[in-house]
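Descriptive analysis of the structure
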Amino acid sequence: MSEQSAPVRLLIVDDHPIVRDGLRGAFADSPEFEVVGEAGNGAEALDRVAELKPDLVLMDLRMPVMDGVTAIHRLGETAPGVRVLVLTTFDTDNDVLPAIEAGATGYLLKDAPTEELLRAARVAARGDAMLSPAITKRLMDRVRRPSLGVLSARELEVMRLVAHGSSNKEVAGKLFITEASVKTHLLRIYDKLGVRDRAGAVGEAFRRGLVT
């Protein structure tokens, strides 16, 4: 087989063995790809990339030991020629944006059909950007509504108290509002920060410098 037609060498990175088996099976019948190895976390991925020299890494995001975003950052330093296609179940701004900023070539959700996965892998292996339709829509909505992530003065007060450990009841007492109002403010904060829960809001608020 000539170098030009050589299959794309794939490394699968996911902390769930069943998911890795499923991904390996998805590429098994395609002569365009060769799965050369697997890893269960970001740290293992760095070792496997150095050892196996893959062309493309299928990278999960939330994993033990080392998460996917950190691994993508490290790969940009140690193996800049390797492409990374994120394959995850998470589509919040708190997941998507850091992965893209870290250097991911593409971002796909795990519920994508096999044909879409193969197409995304082809595109990412060429070095072209590949985003799932849901992710593209999310990013476009963010650009069209840039004020979405801006917290109001009251929301900032709530967020800062929550970030420093105050309960809803304590926040209500300190701001002289009802607990129901606190819950409403928190739901709006989650929406604006692109997160789903209290912990995610706190983490994103620190990342954006909204709290210190």
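Everything that follows concerns the structure shown earlier in this document.
Conventions adopted
Residues numbered from 1 in each chain as written. Predicted model: local features only at pLDDT ≥ 70, side-chain atom pairs only at ≥ 80, totals over all residues. Heavy atoms only, no water. Salt bridge = Lys/Arg side-chain N within 4 Å of Asp/Glu carboxyl O. Helix = DSSP H or I, 4+ residues; strand = E, 2+ residues; numbered from the N terminus. Buried < 20%, exposed > 50% of the residue type's maximum accessible area, 1.4 Å probe, protein only. Phe/Tyr/Trp six-rings, centres within 6.5 Å; stacked < 30°, edge-to-face > 60°. Lys NZ or Arg CZ within 6 Å of the ring centre and 35° of its normal. Pairing = 2+ DSSP bridges. Right-handed = clockwise from strand over helix to strand, strands pointing away. Contact = heavy atoms within 4.5 Å. Axes fitted to C-alpha atoms, helices over the stretch in contact; angles between N-to-C directions.

1. Quick word on the pattern of salt bridges
Across all of its chains, the model carries twelve salt bridges by this definition. Arg24 is paired through a salt bridge with Glu38; the nearest N and O atoms lie 2.9 Å apart. Here Glu38 lies in strand E2 (residues 33–39) and Arg24 lies in helix H1 (residues 17–28), a separation of 14 residues in the sequence. Among the residues examined, Glu38 registers a relative accessible area of 22% and is labelled partly exposed. The residue Glu32 makes a salt bridge to Arg122 at a minimum N-O spacing of 2.9 Å. On the criterion of sequence distance, the pair formed by Glu32 in the loop between H1 and E2 and Arg122 in helix H5 (residues 114–125) is long-range, its members being 90 residues apart. Through salt bridges that share partners, Glu101, Glu204, Arg207 and Arg208 make up one connected network.

2. Observations concerning the packing of aromatic side chains
The full count for this structure, using the stated rule, is one aromatic pair. For the cation-ring pair, Arg62 lies above Phe90, with the distance from its terminal atom to the ring centre recorded as 3.6 Å.

3. Considerations on the pairing of strand E1 (residues 8–13)
Where burial is concerned, most of E1 is hidden: five out of the six residues are buried. The sheet contact formed by E1 and E2 spans six bridges and is parallel. Following the sheet pairing, Val13 is matched in E2 by Ala39. In this fold, the crossover linking E1 to E2 by way of H1 has right-handed handedness.

4. Structural notes on the sheet that holds strand E5 (residues 106–109)
An order of E2-E1-E3-E4-E5-E6 is seen for the six strands of this open sheet, with the pairing classed as parallel. Each end of this open sheet is capped by a strand with a single partner; those strands are E2 and strand E6 (130–131). H1 rests against E1, E2, strand E3 (56–59) and strand E4 (83–88) of the sheet, and its axis sits at about 170° to E2. Where H5 meets the sheet, its contacts fall on E1, E2, E3, E4, E5 and E6, and the angle it forms with E4 comes to roughly 155°.

5. A look at the side chain of Asn168
With respect to the element layout, Asn168 can be found in helix H8 (residues 168–175). In this view, Asn168 contacts Glu179, Val182, Lys183, Leu186 and Arg198; residues no more than four positions away in its chain are not counted.

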